[in-house]
Amino acid sequence: MSIAAALRTRTTPPRLVDVTAVAPQLTPLARTATRLHPCPGSPTPYDSSVGGPLLWPADEPWPHCEGPHEWDGCNAILSPEDVRQRRRIRAAVANQPGGDPPRTRYTPEELGIEERIKAGRPWPEGPIPLLPVAQLYVRDVPLLCPPGQAEADLLQVLWCPFDHPAQPETALFWRSAATVTDVIDTPPEPPAIQFPGYLPEPCLLAPEQITEYPNIMELGKGLQRQLEDWRGWQAAGAVLDSFDTPYPLDSSDTPCSKDFYNEFYTGRLSVAPGWKVGGWTRWGLTDPLPRLCPSCGTEMDPLLTIASGEWNSNYPDWIPDEDRARSLSSTTHPEPHNPTMLDLAGGYDLQLHVCPVSPDHPHIELIQ
């Protein structure tokens, strides 16, 4: 392993308790997920990445979205370069001594750039070039095995940076990396994007395999009641105090609300936050329902979670050990919990499901 790769290593801390000791019925429901752990960097087309350059054949047309693309009449119309410049300026300002200083501490040049960006761009017309979102090599994420495409060892995800109607229109491409001998030099970029949070910052990845269990809403009522029984948690060695739970303890040191067990299991033991491949879906915005392929009716599997953040401060035990030990803040990536700088619908994630029979028909939806 290179020094650069070693610096990107991420390790999820062990869970506070083995949940299968509380409910052995969960054992056969375990799934392997790969946390991708995006890290600030400068990826090349030959790296797995978020927001990096793609290994795209020079002789293959770049995909475009035909629309429609309608302005909401509210948000400023910015180009991708506008967004990058604004991020660089605001990160540099935020990293000055004293935290985030007032606007008066911007340089005249920075103020001029901000004023120009604020003026906006013309609303784009015609087809919009798609933006690279993620590129994943099977060598880094072995869970990627598209059925019927044994030669495919590379997944590329792109999207249109406009709502259709409430999230970006997403496209998947599976290909064999060995067949790409001439890579496109400068792919087209959209002249404007609807929201700055739809433009990912380039990140390298530090893939890590973990074990996940279903969201509590996907469990039967009997198993849910079992997870609400404090005696089972005590027998499994769970040690909780008032810091661990938002609910007060009664005289027997038992949390007073059964909702605590649901929150504790769902938030800290079952489904990991952040970018990942495979695993289980973290439901919340919608109730769990079968996602059926519109082409063949087969139930679709979770493929890729595109996240607005790598962890939630309410559940710090998902923060990798390495991120606890050092700050990742820099002049280009000031938010360690969100190195990709994506912000989807105010902090939601996007879940890509794919049909195991027809992998070219993805389904995407917002999840909380």
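These notes cover the structure that comes with them. Since we're looking at a predicted model, the values are computed, not measured.

With that settled, the discussion passes to the overall build of the chain. Within the chain one finds 8 helices and 14 strands. Buried residues in the chain amount to 50% of all 368 residues. Across the chain, contacts joining residues at least 24 apart in sequence account for 79% of those joining residues at least 6 apart. Of the roughly 17,300 Å² that the chain leaves accessible, carbon and sulfur atoms contribute 54%.

It is worth spelling out the pattern of salt bridges at this point. Throughout the structure, instances matching the rule amount to 17 salt bridges. The partner of K118 in a salt bridge is E115, and the shortest N-O contact between them spans 3.6 Å. A residue pair is termed a helical-turn pair when its members lie 3 or 4 positions apart in one helix, as K118 and E115 do in helix 4 (residues 108-118) at 3 residues. Here E115 falls in the partly exposed class, since its relative accessible area comes to 42%. In this structure, D140 and R139 form a salt bridge, with 3.7 Å as the shortest nitrogen-oxygen distance. Under the relative-accessibility criterion, D140 is labelled partly exposed at 27%. For R139, a relative accessible area of 53% gives the class exposed. Through salt bridges that share partners, E81, R84, R88 and E189 make up one connected network.

Counting 38 residues, the largest nonpolar core has W159, W275, L304 and I306 as the members making the most contacts within it. Sorting the residues of this core by element identifies helix 3 (80-94), helix 4, strand 6 (131-137), strand 7 (154-163), strand 8 (168-175), strand 12 (301-306) and strand 13 (349-354) as the ones contributing at least two each. At 4 residues, the largest contribution of residues to this core is made by strand 6. Formed by 18 residues, the second largest nonpolar core is a distinct cluster that contains V17, V19, Y213 and I216.

Enumeration according to the criterion identifies 6 aromatic pairs in this entry. When the centroid spacing of 5.0 Å and the interplanar angle of 55° are considered together, the rings of W56 and W62 count as tilted. Grouping residues by exposure puts W56 and W62 together as buried. Seen in terms of ring centroids, F195 and Y198 are 5.2 Å apart; in terms of plane orientation they differ by 85°. Their pairing is edge-to-face. Judged by its relative accessible area of 3%, Y198 falls in the buried class. Joined through ring pairs, the aromatic side chains of W56, W62 and F173 make up one cluster.

So, about unusual backbone geometry. Residue P68 follows G67 across a cis peptide bond; omega there is 10°. On the secondary structure map, P68 appears in the loop between strand 4 (64-65) and helix 3. A positive phi angle is found at H37, which is not glycine, with a value near 50°. Within the secondary structure, H37 sits in the loop between strand 1 (31-35) and strand 2 (39-40). By relative accessible area, H37 is classed as buried at 3%. Here M341, not a glycine, exhibits a phi torsion of approximately 65°, which is positive. Inspection of the secondary structure puts M341 in the loop between helix 8 (321-325) and strand 13. On the accessibility criterion, M341 (15% relative accessible area) is buried.

What counts and how
Residues numbered from 1 in each chain as written. Predicted model: local features only at pLDDT ≥ 70, side-chain atom pairs only at ≥ 80, totals over all residues. Heavy atoms only, no water. Helix = DSSP H or I, 4+ residues; strand = E, 2+ residues; numbered from the N terminus. Buried < 20%, exposed > 50% of the residue type's maximum accessible area, 1.4 Å probe, protein only. Contact = heavy atoms within 4.5 Å. Areas by Shrake-Rupley, 256 points an atom, 1.4 Å probe, with all protein chains shown as cover. Salt bridge = Lys/Arg side-chain N within 4 Å of Asp/Glu carboxyl O. Core = buried A, V, L, I, M, F, W, Y, C linked by side-chain atoms within 4.5 Å. Phe/Tyr/Trp six-rings, centres within 6.5 Å; stacked < 30°, edge-to-face > 60°.

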